[in-house]
Amino acid sequence: MAQINPSILSADFARLAQEAEAVRGSDWLHVDVMDNHFVPNLTLGIPVVESLSRATDIPLDCHLMIEDPDRWAPQYVEAGAGSVTFHVEAAAAPVRLAREIRAKGARASMALKPGTPIEPYEDLLPELDMLLIMTVEPGFGGQAFLDIMLPKIRRTRELIAKHDLELWLQVDGGVSASTIERCAEAGADVFVAGSAVYGAEDPAQAVAGLRSLAESASADAWWACAH
Ligand SMILES: O=C(CO)[C@@H](O)[C@H](O)COP(=O)(O)O
Ligand SMILES: [Fe+2]
């Protein structure tokens, strides 16, 4: 079952509660936290996540593009996030951090920038509930999808199958009606979409359209059949 997570980075930050309501029926709401150090952009932090988690029933999928996630990520669980993603490039102790996020009651997820390979992290996968493969350089919405990431998605799906893991594989960046099928065929099952959802006239309909494209593309894929 394909999951579509609208990214509020492309929403109106002054109307976040209504923007969450506009994508009712989504699996998760993707919240991009940027600190202007790990990435050259600044968005929102713990107080906004706390308020948003009270304002919507949709669980929050917090993508932390910040330095020192070892210190901050657990606080996002306390703020109400149902899933917390840290970047492996920024984490000092990724296994310890994943365990701490899980122990606090959220799903633990790790992200890889486009230039970061998956292979060195094969042994770490059982510690995670989700792996995020960035399909743009993190920092901004509305960028073009990097199709050179497709082999990495495929390779990661093979590793998930090899170890027989219940690990969600998320893609983030440039996901739209023209790219989502390739991601699904390659092995992704969780799709973040910012501009493709909030740039649409009817965001809820855009979510439904993306979900149906992803589901039909993955229906015959080897990895979905084997699962
Ligand atoms: O993490 C990020 C950007 O760094 C994303 O979550 C973007 O918000 C995705 O936006 P689109 O590429 O879908 O417009
Ligand atoms: Fe993101």
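Predicted model only: the values in this text are computed from it and were never measured.

Enquirer: Summarise the overall build of the protein; cite the residues concerned and give the values.
Expert: From N to C terminus, the protein includes nine helices and eight strands. Taking 17 Å as the expected radius of gyration for a compact globule of 227 residues, we find that the protein reaches 16 Å, a close match to that expectation. Dimensions of the protein along its principal axes, counting C-alpha atoms only, are 40 × 40 × 30 Å. Summed over its atoms, the accessible surface of the protein is roughly 9600 Å², and 49% of this surface lies on carbon and sulfur atoms. A distance of 4 Å separates the average location of the 17 positive side-chain charges in the protein from that of its 33 negative side-chain charges.

Enquirer: Any chance you could break down the coordination of the iron ion (ligand 2) for me, citing the residues and the numbers?
Expert: Protein coordination of the iron ion (ligand 2) is provided by H30 (NE2), D32 (OD), H63 (ND1) and D172 (OD), with donor distances spanning 2.1 to 2.3 Å. Considering all six donor atoms around the iron ion (ligand 2), the spread of angles at the metal, 73 to 174°, places the coordination shape in the octahedral class. The sequence pattern formed by the donor residues of the iron ion (ligand 2) is H-x1-D-x30-H-x108-D. Of this pair, D32 sits in strand β2 (residues 29-34) while D172 sits in strand β7 (residues 168-172); the two residues are 140 residues apart in sequence, bridging distant segments of the chain.

Enquirer: Explain the site of ligand 1 to me, using residue names and the numbers behind them.
Expert: Near ligand 1 lie 20 residues; those nearest to it are D32, G139, D172, G194 and S195. G142 places a main-chain nitrogen or oxygen 2.8 Å from an oxygen atom of ligand 1. One of the backbone nitrogen or oxygen atoms of G194 is found 2.8 Å away from an oxygen atom of ligand 1. Relative to its unbound accessible area of 380 Å², ligand 1 is 100% covered by the protein chains. Tallying contributions element by element places β2 first for the shell around ligand 1, with three residues. Across the shell around ligand 1, the residue classes tally to eight nonpolar, 10 polar and two charged.

Enquirer: Describe the side chain of T85, and please don't skip the residues or the numbers.
Expert: Residue placement: T85 occurs in strand β4 (residues 83-87). Of the residues examined, T85 reaches a relative accessible area of 0% and is grouped as buried. Side chain to side chain, T85 and S109 meet in a polar contact 2.8 Å long. Here T85 is in contact with D61, C62, H63, L64, S109, M110, A111, M130 and L132, once residues within four sequence places are set aside.

Enquirer: Pulling in residues and values, what's your account of the UniProt feature "active site" (unreviewed entry) in the protein?
Expert: Mapped onto the present numbering, the UniProt feature "active site" (unreviewed entry) falls at D32 and D172. These annotated residues cover 141 residues of sequence, and their C-alpha atoms all fall within 10.6 Å of one another, placing them together at a single site. Of the polar contacts made by the side chain of D32, one reaches the side chain of H30; its length is 2.9 Å. Accessibility expressed as a relative area gives 8% for D172, which makes it buried. Excluding anything up to four places from it in sequence, D172 contacts H30, D32, H63, L132, I133, M134, T135, V136 and V192.

Enquirer: An account of the UniProt feature "binding site: a divalent metal cation" (unreviewed entry) in the protein is requested, with residue identities and associated values reported.
Expert: The UniProt record marks H30, D32, H63 and D172 with the feature "binding site: a divalent metal cation" (unreviewed entry), using the residue numbering of this structure. In three dimensions, the annotated residues from a span of 143 residues occupy one location, with a maximal C-alpha spread of 10.6 Å. The contacts of D32, once residues within four sequence positions are left out, are S7, L9, T43, L44, H63, M65 and D172. Among the structural elements, H63 can be located in strand β3 (residues 60-65).

Enquirer: Describe the confidence of the model for the protein, with residues and values.
Expert: When pLDDT is averaged along the protein, the result is 97, and 99% of the positions lie at 70 or above. Across the assembled chains, the prediction reports ipTM 0.99 with pTM 0.98.

Rules of the game
Residues numbered from 1 in each chain as written. Chains lettered and ligands numbered in written order. Predicted model: local features only at pLDDT ≥ 70, side-chain atom pairs only at ≥ 80, totals over all residues. Heavy atoms only, no water. Helix = DSSP H or I, 4+ residues; strand = E, 2+ residues; numbered from the N terminus. Rg over C-alpha atoms; globule rule 2.2 N^0.38 Å. Areas by Shrake-Rupley, 256 points an atom, 1.4 Å probe, with all protein chains shown as cover. Lys, Arg positive; Asp, Glu negative; His and termini not counted. Charge placed at Lys NZ, Arg CZ, Asp CG, Glu CD. Donors = N, O, S within 2.8 Å, 3.2 Å for Na, K, Ca; no water. Tetrahedral: all angles 85-135°; square planar, octahedral: opposite > 155°, others 65-115°. Near = heavy atom within 4 Å. Polar contact = N/O pair within 3.5 Å; in protein donor to acceptor, adjacent residues only side chain to side chain. Nonpolar A, V, L, I, M, F, W, Y, C, P; charged D, E, K, R; others polar. Buried < 20%, exposed > 50% of the residue type's maximum accessible area, 1.4 Å probe, protein only. Contact = heavy atoms within 4.5 Å. UniProt positions renumbered as here; feature names shortened; annotations may be inferred. pLDDT = per-residue confidence, 0-100.

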